[in-house]
Amino acid sequence: MPTADVGDALPEWTVDPVDAEKMKTMAALLADPNPIHWDVEAVRDLGMGDRPVNQGPSNMAYVANMLAAWSGGHQHLRTLRVRFLANVFAGDRVVAGGRVSAVEPADGGTLATCEVWLRRGDDTVMAGEARVLLPA
Amino acid sequence: MTSLAELQSIVGHQFPGGTYRVEPYRNWLTCDTVLSPLPADEVAHPMFCYYGALAGMGISLDELFALAGATAEDGVMFGEAEIDLRRPLRIGESFTVRGGITDVERKEGKRAGVFDIVAFRLELVDAAGEVAAVSTNSFVFPRRAS
């Protein structure tokens, strides 16, 4: 299990490239009727470019995956709160990362609060905060 | 465009609610789709807090968009989202889902024009009657066509 100190950088987790076919599967899984996730014409009609737009929850999931890789598993995540700042498109390369901002003793271990983000190059496309319980 | 008064009238609206089971095949496909290793010990991917909440709230996304006077073709976007896991969710576990619309806000941006933010909160309640997880979200509704 990792230890956590304020200021620690979390190991980055990369998606390269974001795959349009995965968006179709996710749209079907979620019964998501929004065509921007699979229909390039719909994306163009909305003036949003010419590539399908990734589902926001998938962007969140990438950050959850990054936190699981660091903490030893998905079971350690307590909260994840994010703001969606920009769209992620098919073909993008995005990197999930974070930094420990606070640590406190908690029942069963240490509760680490982390600033988290998803970046495309220098652009932050999603940002927020997570709390992860690191077992003793 | 939906008037602000019409929009504000949906605050407090409770969804019909329903039940949701974390089907093993859905967990497998979800992990494959978001590039996650399959979690150990029958733990579901934590995003099932959101997926289960939305699937079990008792109305479709189209119906949710309609409550806000919009359709899927309007380019509805996510604003903010939070998953609050009081404990890990398990593959095969069933939950009762309950919740509704908690807030609306109209804004205007120089480039974006008028847009509305609709917030909603959903609880996943386990078989013991305990809240296992809470999903809080806001959707952004562009009002371009007005």
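As a reminder, the structure under discussion sits directly above these lines.
Just so we're clear, the structure is a prediction, and the values are computed from it rather than from any experiment.

K.L.:
Any chance you could break down the packing of aromatic side chains for me, citing the residues and the numbers?
P.N.:
The geometry of an aromatic ring pair comes down to the distance between the two centres and the angle between the two planes. Inspection of every chain in the model, using the stated rule, returns eleven aromatic pairs over all chains. Look at B:F15 and B:F120: their rings are 6.2 Å apart centre to centre, the planes differ by 75°, and that puts the pair in the edge-to-face class. Pair noted here: B:F15 is in the loop between α1 (4–8) and β1 (18–21) and B:F120 is in strand β4 (residues 113–125), with a separation of 105 residues, a long-range link. Classification of B:F15 by relative accessible area gives buried; the value is 6%. Given a relative accessible area of 1%, B:F120 falls into the buried group. Judged by centre distance (5.4 Å) and plane angle (85°), the rings of B:F48 and B:Y51 are edge-to-face. Remark: B:Y51 and B:F48 occur in helix α3 (residues 48–56); sequence separation between them is three residues, near one turn of the helix. For the pair shown, B:F48 and B:Y51 are each scored as buried. Here the aromatic cluster, defined as three or more aromatic residues joined through ring pairs, consists of A:F84, B:F15, B:Y20, B:F48, B:Y50, B:Y51, B:F65, B:F78, B:F120, B:F139 and B:F141.

K.L.:
Run through empty space enclosed by the protein, naming residues and quoting values.
P.N.:
Enumeration according to the criterion identifies two cavities of 30 Å³ or more in this entry. By volume, the largest cavity amounts to about 60 Å³. Around the largest cavity sit 13 residues that line it, and A:D19, A:K22, A:N54, A:Y62 and B:T33 are the ones nearest its centre. At the level of secondary structure, the elements contributing two or more residues to the lining of the largest cavity comprise α1 (20–30) and α3 (56–71) of chain A. The element best represented in the lining of the largest cavity is α1(A), accounting for three residues. Among the residues making up the lining of the largest cavity, the classes are represented as seven nonpolar, four polar and two charged. Counted as a void, the second largest cavity has a volume near 30 Å³. Lining the second largest cavity are A:A64, A:L67, A:A68, A:S71, A:G73, A:H74, A:H76, A:L77 and A:V132. In terms of residue count, α3(A) provides more of the lining of the second largest cavity than any other element does, four residues in total. Of the residues contributing to the lining of the second largest cavity, the split by class is five nonpolar, four polar and no charged.

K.L.:
Before we move on, could you go through the pattern of salt bridges and cite the residues and values that matter?
P.N.:
Inspection of the entire model under this criterion finds 15 salt bridges over all chains. The partner of A:K22 in a salt bridge is B:D32, and the shortest N-O contact between them spans 3.3 Å. You can see A:K22 sitting in helix α1 and its partner B:D32 sitting in helix α2 (residues 24–33), one on each of two chains. For A:K22, a relative accessible area of 23% gives the class partly exposed. Between B:D116 and B:R143 there is a salt bridge, with its nearest N and O atoms 2.6 Å apart. With B:D116 in strand β4 and B:R143 in the segment after β5 (131–142), this residue pair connects regions lying 27 residues apart in the sequence. Beyond isolated ion pairs, a larger network of salt bridges with shared partners links A:R51, A:D92 and A:R120.

K.L.:
Could you give me a rundown of the pairing of strand β4 (residues 109–120) of chain A, with the residues and numbers involved?
P.N.:
Residue and element names in this part refer to chain A. Within β4, nine of the twelve residues are buried, which leaves it mostly tucked inside the rest of the structure. When strand β3 (residues 94–106) meets β4, the two strands line up antiparallel, connected through eleven bridges. Within β4, the residue paired with V95 across the bridge is R119. What sits between β3 and β4 in their antiparallel hairpin is a turn of two residues, with G108 showing a positive phi close to 95°. Relative to strand β5 (residues 123–135), β4 is paired through twelve bridges, and the arrangement is antiparallel. Paired with A112 across the bridge in β5 is V132.

K.L.:
Provide a residue-level description of the packing of α1(A) against α2(B), including the pertinent values.
P.N.:
Running from N to C, α1(A) and α2(B) cross one another at 150°; their axes reach a closest spacing of 9 Å. What the angle tells us is that α1(A) and α2(B) run roughly antiparallel. Here α1(A) and α2(B) pass one another in a crossing that is left-handed. Contact residues: A:K22, A:T25, A:M26 and A:L29 in α1(A); B:R26, B:L29, B:T30, B:D32 and B:T33 in α2(B).

K.L.:
Please set out the side chain of B:N137 residue by residue, giving values where relevant.
P.N.:
Residues and elements named next belong to chain B. Examined against the element boundaries, N137 turns out to sit in strand β5. At 2.9 Å, the side chain of N137 forms a polar contact with the side chain of S135. In this structure, N137 is in contact with Y50, L54, F78, E80, A81, E82, V118, A119 and F120, ignoring residues within four places of it in sequence.

Parameters and conventions
Along each chain, residue indices are assigned from 1 in the same order as the chain's sequence is written. Just so you know, chain letters begin at A and ligand numbers begin at 1, following the order they were written in. This being a predicted model, a pLDDT of at least 70 is required before a residue's local features are given, and a value of 80 or more before pairs of side-chain atoms are given or counted; all residues contribute to the totals for chains, interfaces and linings. In computing side-chain properties, one takes all heavy atoms of the structure into account and sets aside hydrogens as well as water. We call Phe, Tyr and Trp rings a pair once their centres come within 6.5 Å, taking the six-membered ring for Trp, and we label the pair stacked below 30 degrees between planes, edge-to-face above 60, and tilted otherwise. Working definition: helices are DSSP H or I runs of at least four residues, strands are E runs of at least two. Numbering for both runs from the N terminus. Throughout this description, buried means an accessible area under 20% of the type-specific maximum (1.4 Å probe, protein chains only), exposed means over 50%, and partly exposed covers the range between. Only protein atoms enter the calculation, which uses a 1 Å grid: trapped sets of points that fit a 1.4 Å probe without letting it out are cavities, open sets showing protein on both sides within 12 Å along at least five of seven lines are pockets, and any residue with an atom within 4 Å of a point is a lining residue. Grid points are joined across faces, edges and corners, and a volume is the space filled by probe spheres set on the points. Three residue categories are used. Nonpolar comprises Ala, Val, Leu, Ile, Met, Phe, Trp, Tyr, Cys and Pro, charged comprises Asp, Glu, Lys and Arg, and polar comprises the others, including Gly. Salt bridge criterion: a side-chain nitrogen from Lys or Arg within 4 Å of a carboxyl oxygen from Asp or Glu. Any two strands between which DSSP finds at least two bridges are classified as paired. Here an axis means a line fitted to C-alpha atoms, over the contact stretch when the element is a helix, while the angle between two N-to-C directions is reported on a 0 to 180 degree scale. Throughout, the term roughly parallel applies to angles under 35 degrees, roughly antiparallel to angles over 145, roughly perpendicular to angles from 65 to 115, and oblique to all others. Crossings are assigned a handedness: left-handed for a near helix turned anticlockwise from the far helix by less than a right angle, right-handed for a clockwise turn. Throughout, a residue-residue contact means that at least one pair of heavy atoms, one from each residue, lies within 4.5 Å. Counted as a polar contact is a pair of N or O atoms within 3.5 Å, where, for protein atoms, one must be capable of donating a hydrogen and the other of accepting one, and residues adjacent in sequence contribute only when both atoms are in side chains.

Everything listed here is a matter of geometry and, on its own, says nothing about what the molecule does.
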